Amino acid sequence: MPKLTWSLPHVTPAAIAAAFLLTPNGLANESQPKSTTAQELSVAVELLPPISVGVMEQVTPVDQLFPGSPTTELPTTTQEFDHQLTPHIEPNLEPIDDPMDQVTSVSQLSDVQPTDWAFQALQSIVERYGCMAGYPDSSYRGNSPLNRYEFAAALNACFDQLSKVIVAPNLASSYFKEDLEAIKRLQGEFTLELARLRGNLDAVTARTAEVEITEFSTTTKLNGEVDFILIDYFTGNKAAPCCSSPTEDDSLTTTFTGLALLSFDTSFTGKDLLRTRIDTTDVPEFNNPLDGTDMTLYDFETDTDQEFVLTELYYRFPISDRIQAHIAAAGLSADEITDPLNPVSALSRFGVHNPVYRLAEGGGAAIRYQFNDSIRISVAYLGSAASISNPTEGNGLFNGQFGAFTQLTLTPNQRLGIGLNYVHYYSPEPNSGIDVTGSTGSQFSQAPFGDQTATSANGFGLQGRYRFSPGFALGGWLSYINANAESSPRQSGLDGSKGAKADIWTWAITMAFPDLGKEGNELGFVFGMPPRLAENDINSRQDLDVSYHLETFYRYQINDNISITPGLFVIISPEHNSNNNSIVVPMLKTKFIF
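Treat the numbers as computed from the prediction; the structure is a model and nothing was measured. (Residues numbered from 1 in each chain as written. Predicted model: local features only at pLDDT ≥ 70, side-chain atom pairs only at ≥ 80, totals over all residues. Heavy atoms only, no water.)

> So what exactly am I meant to see when it comes to the overall build of the chain here?
Each helix and strand counted, the chain has 15 helices and 18 strands in total. Relative to its 594 residues, the chain shows a buried fraction of 47%. At a minimum sequence separation of 6, the contacts of the chain that also span at least 24 residues come to 68%. (Helix = DSSP H or I, 4+ residues; strand = E, 2+ residues; numbered from the N terminus. Buried < 20%, exposed > 50% of the residue type's maximum accessible area, 1.4 Å probe, protein only. Contact = heavy atoms within 4.5 Å.)

Right under this line is the structure:
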């Protein structure tokens, strides 16, 4: 709705007297009736009580106010006034939050001086009619602008008040004939504005009723996304773990696939959020079983065999102005409760953010505390949905796989952001999906002691972002993960035992060029080392070479709902094994949001 609704309760008399009475052009962006004088308008305009839009629906005919007075013939159709009136709502009018108080003397207004050009008019209004409004800080704010629609609505309220005053015998003598004639003329002049406002309100009322009947829900908003994805894959062979030579040829071909997701976002207070999300997709997972490594995973891969699957179910709500809490049954991750500080909207799983965020995902609880505008801390306890919902031994909320995460985020200004995080991860045995790098590194880094060994890990991360300009930002991260064997390895060929330790490192540098060529576009680059098992007490499971991840993409925003993103990433020496050929994965992604 235009500013009218918010401005009407605070229309100031000086704006009317200054802008309408004594300036050559009258009201802002409007023409002034030639016969209107300061004395005439000071009578009608300054008797303004606080009003609301509802007041505009009752316009008291002037003949009822002044029986026996002559009435001016006026046009009755809006077409007759189209050459005179141009409806205009000032776009830059700011709402005034302070209420106005009645004053009995102009001297009570601190910003009104005897040298002001409208001083006599204001003084006359107070002395003759006893009606003047000021602000609690004793200011009058006489230079605040108003438009014809605001003036018309205020004038209508003025008439209602005048009618009460005029019928009082002890006050009627204080009103002069010329004042009453001016009031009648003003009522006729602004008849069209009032009629148009009434028509607009009727249209809004009808539209609101229609929306209430046809809307999905009064508390829930449906959001959707549909992606079409063209993917190719180039390499000479299927990647092998470190120190082994590849033995299988690559037989992957070009694929065209898609995904769809629906989010039901519900708010009960306007500040909380209950999210329920379901996904369906047949996007193939370019991972270890298919190409010998998880370093080629895309971030959007959630293969559901074309069935709808519940992927997110959590409730976010404020505890106070500084504290926000999350309760989740599924789909909550550490990067959703804090800022991962990556300026790049990468396509690959590795390039999206620091891998340590992936050690705390699923269901559980989280809290974020905002110390001030520059410092906040986030704490989360999250476990995989399959584990926390399983009542059997070695599972459940506290005995199954979980990650306890915390991050301190520092944003001293709008350009710089720094995050320091720590995560404690635990996954029991056997076959419980042990993965201490979130499926972003080598097979050895994901399960340093094999997938039959209960494993814990302590991860430490540092990430940062700096915006050099609105069109360029630089980011990056560095992480160290110390893994520990919590049981004796059961996998054949392993010579470790409970208490074995392993050291994993990962880093990346990212660059983003937002709004390149058009608002909403983005050119991005990622260069880094996927998680690498640098040291391990189990000598046979160690990465001796180094893999590198190179990625680039360009998102072109066609409109608010459609974007096209061509992208490409290359893995050099996959699985940290120089015996493997480099892998090139180009893709073209078209996204529709609604």
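Continuing now.
> Can you walk me through a nonpolar patch on the surface in this structure?
A cluster of nonpolar residues, Tyr466, Phe468, Leu474, Ile509, Met511 and Phe525, forms a patch on the protein surface that exposes about 480 Å² of accessible area. Those elements that place two or more of their residues in the nonpolar patch are β12 (455-469) and β14 (501-514). Considering the arrangement of structural elements, one finds Phe525 in strand β15 (residues 522-536). (Patch = residues over 30% accessible without salt bridge, like charges linked within 9 Å, V, L, I, M, F, W, Y side chains within 5 Å. Areas by Shrake-Rupley, 256 points an atom, 1.4 Å probe, with all protein chains shown as cover. Salt bridge = Lys/Arg side-chain N within 4 Å of Asp/Glu carboxyl O.)

> Would you take a moment to explain the side chain of Ser547 for this structure?
Within the secondary structure layout, Ser547 lies in the loop between β15 and β16 (548-557). Owing to a relative accessible area of 0%, Ser547 belongs among the buried residues under this scheme. A polar side-chain atom of Ser547 sits 2.2 Å from the main-chain carbonyl oxygen of Ser573. Of the polar contacts made by the side chain of Ser547, one reaches the backbone nitrogen of His576; its length is 2.5 Å. Once residues lying within four places of it in the same chain are set aside, the contact partners of Ser547 are Met295, Gly528, Met529, Pro530, Ile572, Ser573, Pro574, Glu575, His576 and Asn577. (Polar contact = N/O pair within 3.5 Å; in protein donor to acceptor, adjacent residues only side chain to side chain.)

> What's the story with the confidence of the model for the chain in this structure? I'm lost.
Caution is warranted with low-pLDDT regions, since their predicted coordinates should not be read in detail. Taken over all residues, the pLDDT of the chain has a mean of 79, while the share at 70 or more is 73%. Counting contacts from residues 1-63, a segment whose pLDDT is below 50, to residues more than four positions away or on other chains yields 166 contacts. Below a pLDDT of 50 lies the segment residues 65-99, which in the model reaches 61 contacts outside its immediate sequence neighbourhood of four places, other chains included. (pLDDT = per-residue confidence, 0-100.)

> I keep staring at the environment of Trp507 and nothing clicks. Help me out?
Along the chain, Trp507 turns up in strand β14. According to the relative accessible area criterion, Trp507 is partly exposed, its value standing at 25%. Through-space distance from the C-alpha of Trp507 to that of Ser479 is 6.3 Å; in sequence the pair is 28 residues apart.

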